There are 2 protein chains.
Amino acid sequence: MCAARDRFWTTGYTATSLDDLTEATGLGRGSLYGAFGDKHALFLRALDSYCDEAAAAIRADLSAAGSPYERLAVHVHAMAAVIIGDTEGRGCLMAKSAAELAGTDPEVARRVNRVLTEAHGMLTECIGEAQRAGELAAGHDPAQLGSLVLVVLRGMEAVSRCGAPPSVIRDAAEQVLALLPRPADTAHTRATATDTDTGTDTDTGTGTDTGTGTDTG
Amino acid sequence: MCAARDRFWTTGYTATSLDDLTEATGLGRGSLYGAFGDKHALFLRALDSYCDEAAAAIRADLSAAGSPYERLAVHVHAMAAVIIGDTEGRGCLMAKSAAELAGTDPEVARRVNRVLTEAHGMLTECIGEAQRAGELAAGHDPAQLGSLVLVVLRGMEAVSRCGAPPSVIRDAAEQVLALLPRPADTAHTRATATDTDTGTDTDTGTGTDTGTGTDTG
DNA sequence: CGCATAGTTTACCGTATGGTCCATAATGGG
DNA sequence: CCCATTATGGACCATACGGTAAACTATGCG
């Protein structure tokens with residue numbers, strides 16, 4: 001089924017034919033129908049698999065060792081690195097499926113929305129923890145900041161698909177982390193902390209999490 | 001050709017058949033081929049039209065009356081309002097085309113990239129002006145902040161297509177504007193300015209620019 | 001071993017697809 | 001008016017499409 005998923009990922013649902021799928025999987029038509037029912041059901045299975053992995057990767061990043069803010073920064077930089085490293089321009093199956101099908105296929109829309117909602121929840125939780133730990137300023141709604149980070153993560157993927165150079169993606173990742181509000185009593189150290197964090201997290205993200213985040217696209 | 005564009009916009013390129021196009025346009029097949037050459041050429045014409053309008057709408061927003069920061073805020077809120085108002089979930093033809101075709105069709109990739117690059121330039125220019133006018137803090141690279149705003153704009157569209165509720169889009173728009181760095185000597189008035197701007201710009205964006213931005217999707 | 005069941009391959013099906021071609025209609029110029 | 005050219009509609013084309021059915025192969029049980 002991984003071969004089928006990859007084919008849908010590269011070519012899109014509508015433009016992937018049954019001949020494409022038999023070729024990719026090495027199975028005959030009857031076998032594909034026997035195992036999966038029909039093209040649409042196979043596609044949903046592939047999408048489910050991808051979405052599960054994407055959610056798990058986010059969860060892993062945001063549950064890892066380190067302080068809440070560090071985890072958040074590692075995740076954002078890892079996502080940026082994955083997007084930048086996607087030199088074949090395949091993008092993200094979830095986003096591409098949403099673009100192609102969410103308006104006409106409620107099954108796709110529902111699956112994609114589930115992952116997005118889950119991601120928003122995890123980001124919000126992590127930001128809330130960072131606030132309680134004193135890494136980020138309290139007094140801002142963590143769900144609102146979570147919305148911003150979520151939108152940036154999705155936006156990096158979207159601009160990459162539109163041919164944006166790596167610098168745009170890297171800059172957006174760095175800037176959103178740098179601009180999250182710090183506690184007021186560290187206002188003077190803010191510039192220093194920003195520089196330190198940027199350097200540290202960029203390196204960590206690139207080296208540690210590229211593999212984990214590969215499937216997130 | 002507007003009818004053809006709308007059909008491609010709703011259904012996607014591959015899934016829109018020639019029968020769909022003859023129905024939408026009221027023209028026979030021979031006429032469509034006579035006027036446009038083939039399906040792909042018609043699609044590129046539709047995409048060109050859409051991209052030109054999108055770029056013009058951004059230009060209009062960022063060239064309008066008002067201070068540079070106000071213009072930026074108006075644009076971001078207008079885009080958020082358009083996205084939130086897209087209750088049919090049609091999304092943005094440019095983004096959907098990039099998702100469906102940019103990986104396999106260089107003509108599409110080039111067109112989409114042109115608009116994105118142009119938008120980045122306009123945002124960067126506007127942010128630079130806001131810095132020189134003292135509305136935003138100097139000392140940050142305007143291109144980097146432009147990247148962030150661009151990514152947020154594209155990300156709002158992307159999450160909307162994934163079924164995000166209006167609050168996520170609204171919050172992301174408000175937060176990115178609120179978090180752009182202010183001049184250091186207005187740090188105390190920052191909270192006040194943020195509240196004032198949020199209220200003013202939300203209203204202005206909804207009322208003034210919804211129409212202009214409609215085509216941006 | 002034989003038999004029943006499940007899995008597989010592949011030819012075939014009816015329908016859909018983008019594009020072509022031709023008869024007809026519309027338009028403009030002499 | 002007539003004639004030449006262009007535009008149009010729609011029938012038709014060859015090919016592609018998702019799905020089905022039948023023949024064959026593999027597997028497990030008595």
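Quick notes on the rules
Residues numbered from 1 in each chain as written. Chains lettered and ligands numbered in written order. Predicted model: local features only at pLDDT ≥ 70, side-chain atom pairs only at ≥ 80, totals over all residues. Helix = DSSP H or I, 4+ residues; strand = E, 2+ residues; numbered from the N terminus. Buried ≥ 20, exposed ≤ 12 C-beta atoms within 10 Å, placed from the backbone. Contact = placed C-beta atoms within 7 Å. Near = placed C-beta within 6 Å. Nonpolar A, V, L, I, M, F, W, Y, C, P; charged D, E, K, R; others polar. Axes fitted to C-alpha atoms, helices over the stretch in contact; angles between N-to-C directions. Parallel < 35°, antiparallel > 145°, perpendicular 65-115°, else oblique. Least-squares fit on C-alpha atoms with pLDDT ≥ 70 in both. Core = buried A, V, L, I, M, F, W, Y, C linked by C-beta atoms within 7 Å. pLDDT = per-residue confidence, 0-100.

We now examine the overall build of chain A. For chain A, the count of helices and strands is 11 helices and 0 strands. Going from the N terminus to the C terminus, chain A shows its helices and strands as α-α-α-α-α-α-α-α-α-α-α. Relative to its 217 residues, chain A shows a buried fraction of 46%. Here the contacts in chain A between residues at least 6 apart in sequence split such that 67% fall between residues at least 24 apart.

The next point concerns the protein's contact with DNA strand D. The full set close to DNA strand D counts 15 residues, and Leu18(A), Gly30(A), Gly28(B), Gly30(B) and Ser31(B) are the nearest of them. At the level of secondary structure, the elements contributing two or more residues to the surface near DNA strand D comprise helix H2 (18–25) and helix H3 (29–36) of chain A together with helix H3 (29–36) of chain B. Ranked by the residues each element gives to the surface near DNA strand D, the list is headed by H3(B), at 5 residues. Broken down by class, the residue content of the surface near DNA strand D amounts to 4 nonpolar, 6 polar and 5 charged.

A separate point is the packing of helix H5 (residues 68–85) of chain A against helix H7 (residues 106–132) of chain A. Residue and element names in this part refer to chain A. Packing of H5 against H7 leaves a shortest axis separation of 7 Å and a crossing angle of 140°. Overall, the two elements H5 and H7 adopt an arrangement that is oblique. Taking contact as the criterion, the partners of Pro68, Tyr69, Arg71 and Leu72 in H5 are, on H7, Cys126, Ile127, Glu129 and Ala130. Classifying every residue of the contact of H5 with H7 gives 6 nonpolar, no polar and 2 charged.

Next up on the list: the relation of the copies chain B and chain A. When chain B is fitted to chain A, the residual RMSD is 0.1 Å, and the transformation amounts to a turn of 180° plus an axial shift of 0.0 Å. Both copies of the chain, as the preceding transformation shows, are related through a two-fold rotation axis. If distances are taken from each C-alpha of chain B to the rotation axis, the shortest is found for Gly155(B), at 1.7 Å. With an isologous cut-off of 70% or more, the 100% of interface residues of chain B that recur at the interface of chain A puts this contact in the isologous class.

With that settled, consider the environment of Thr14(B). Among the secondary structure elements, Thr14(B) is positioned in the loop between helix H1 (2–11) and helix H2 (18–25). Between the C-alpha atom of Thr14(B) and that of Glu100(B), which follows or precedes it by 86 residues, the distance is 8.5 Å. If we ignore the near neighbours within four places in the chain, the residues touching Thr14(B) are Gly12(A), Thr14(A), Ala15(A) and Glu100(B).

On to the protein's contact with DNA strand C, then. Near DNA strand C, the surroundings consist of 15 residues, among which Gly28(A), Gly30(A), Ser17(B), Leu18(B) and Lys39(B) are the closest. Counting only elements with at least two residues in the surface near DNA strand C, the list comes to H3 of chain A together with H2 and H3 of chain B. Per-element accounting of the surface near DNA strand C gives the leading share, 5 residues, to H3(A). Counted by class, the surface near DNA strand C contains 4 nonpolar, 6 polar and 5 charged residues.

Okay, the environment of Asp141(B) next. With respect to the helices and strands, Asp141(B) occurs in the loop between helix H7 (106–132) and helix H8 (142–161). Along the sequence, Asp141(B) and Phe43(B) sit 98 residues apart, while their C-alpha atoms lie 38 Å from each other.

Listed by partner, the interface residues are 41 residues for chain B and 41 residues for chain A. Elements supplying a minimum of two residues to the side of chain B that touches chain A: helix H6 (93–101), H7, H8 and helix H9 (166–179) of chain B. A class-by-class count of the residues in the side of chain B that touches chain A yields 22 nonpolar, 13 polar and 6 charged.

One finds Met156(A) and Met156(B) to be the most contacted residues of the largest nonpolar core, which totals 132 residues. If near-sequence neighbours (up to four positions away) are discounted, Met156(B) is found in contact with Val151(A), Met79(B), Ala80(B), Ile83(B), Ile169(B), Ala172(B) and Ala173(B).

Now for the confidence of the model for chain A. All names here are of chain A. When pLDDT is averaged along chain A, the result is 86; 85% of the residues meet or exceed 70. Contacts of residues 187–217 to residues separated by more than four positions or lying in other chains number 48 contacts, the stretch itself having pLDDT below 50. Reported confidences for the modelled complex are a pTM of 0.87 and an ipTM of 0.86.

We now examine the packing of helix H4 (residues 39–62) of chain A against helix H6 (residues 93–101) of chain A. Packed helix pairs are specified by the crossing angle of their axes together with the interaxial distance, meaning the distance between the axes. Residues and elements named next belong to chain A. Interaxial distance between H4 and H6 falls to 9 Å at its minimum, and their mutual angle equals 130°. Taken together, H4 and H6 sit at an angle that is classed as oblique. Counted together, Leu47, Tyr50, Cys51 and Ala54 of H4 and Leu93, Met94 and Ser97 of H6 form the full contact between these two elements. Grouping the constituent residues of the contact of H4 with H6 by class yields 6 nonpolar, 1 polar and no charged.

Turning next to the environment of Ala98(B). Relative to the helices and strands, Ala98(B) is located in helix H6. Residues Ala98(B) and Ala109(B), 11 residues apart in the sequence, show an inter-C-alpha distance of 6.4 Å. Dropping the residues within four chain positions of it, Ala98(B) is found in contact with Arg161(A), Cys162(A), Val108(B) and Val112(B).

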